[in-house]
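Here is what each chain is made of, one letter per residue.
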Amino acid sequence: MKKLPSIFALLLLLNTSFSQSIKKYPIGSTGCSAYFFCEPSKRDVNYSEDSSAITTQECLNDGIHYGIICVQLKVAITSLSDAEDMMIAYLDYLKTTFKIRSATGYGKGHRLKGREDTRGIIDYWMDETKDNWKVKSWTDGKFIGVLYAYGTDQKELPETKVNVFLDSFRLPGM
C-alpha cells in the first residue's frame, strides 16, 4: 500500500519535468494578454498612420517563434463585419512585411472563447525561406490581435501546442 503514494509522486515528478509551462503575459499597457511558452521580448510600441498603437512581442521555444501584434485602434469600428475586413487588410499587409510567398487562404467564422462580439481568422503561410507559419487573428472592433507561430529551417509546427498559444489571446475584461 505504501508503494502507491511513491509511484504517484514519481509520475507527478516525471510529468512536471517533461511538460512545458505556459504563462500569461500582458501585452504592453493595452489591457490585452496572451499565454506564451517562453518569456516574450521586451514589448515594442509603434504607431500607425492613423495613430493606432501597435504593440509587438516575440519569443523562441524549441525552434518555434511565438509572436503577437496587438493593434489598439484609435477609432473603434462598430460593425464587426467591417472590423473583420480591416483585420483581413492588416493580415494582407503583414504578408508583404513577413515576405510570405504562399498561403492557404483565410478561414473565417472563429469566435474568441465563443463570444459573438468577436471575430477570428486563421491562415497557414510559407515565407521566402520556406518557414511554415500558422496565424490566427482576433478582433472586437477596438483591438486587432495577430498571433503567429513559425518554425525555422522548414520545421513542422507542433499543432496542439501552437493552437494553445493562438487561442490564448484575451481582450481587456476577458
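The model shown is predicted, which means the values in this text are computed figures rather than measured ones. One numbering rule holds for all chains: residues counted from 1, following each sequence as written. Only residues with pLDDT of at least 70 are given local features in this predicted model, and only at 80 or more are side-chain atom pairs given and counted; all residues enter the totals for whole chains, interfaces and linings. For side-chain calculations, the full set of non-hydrogen atoms in the structure is used, while hydrogens and water are omitted.

Draft legend 1. Quick peek at the state of the cysteines. Disulfide: a pair of cysteine sulfur atoms within 2.5 Å of each other. What the rule picks out here adds up to 1 disulfide. Paired by a disulfide, Cys38 and Cys59 hold their sulfur atoms 2.0 Å apart. Judged by the sign of its S-S torsion, about 70°, the cystine formed by Cys38 and Cys59 is right-handed. Of this pair, Cys38 sits in the loop between strand E2 (33–36) and strand E3 (44–47) while Cys59 is found in strand E4 (residues 53–61), placing the two residues 21 residues apart along the sequence. Just as Cys38 is buried, Cys59 falls in that class too. No disulfide involves Cys32; its sulfur sits 3.7 Å from that of Cys70, the nearest cysteine. Under the DSSP-based scheme used, a helix requires at least four consecutive residues in state H or I and a strand at least two consecutive residues in state E, with every element numbered from the N terminus. Burial status follows relative accessibility: with a 1.4 Å probe on protein chains alone, a residue under 20% of its type maximum counts as buried, one over 50% as exposed, and anything between as partly exposed.

Draft legend 2. View of the pairing of strand E8 (residues 119–127). Counting buried positions over the 9 residues of E8 gives 7, a clear majority of the element. Two strands are counted as paired when DSSP detects at least two bridges linking them. When strand E6 (residues 100–103) meets E8, the two strands line up antiparallel, connected through 3 bridges. Within E8, the position partnered with Ala103 by the bridge is Trp125. Summarising the sheet, strand E7 (residues 107–110) and E8 pair through 2 bridges and their orientation is antiparallel. For Gly107, the partnering residue across the bridge sits in E8 and is Ile122. Pairing between E8 and strand E9 (residues 132–139): 8 bridges, direction antiparallel. Across the sheet, residue Met126 finds its bridge partner in E9, namely Asn132. Counted between consecutive antiparallel strands, the loop separating E8 from E9 contains 4 residues, among which Lys130 sits at a positive phi close to 70°.

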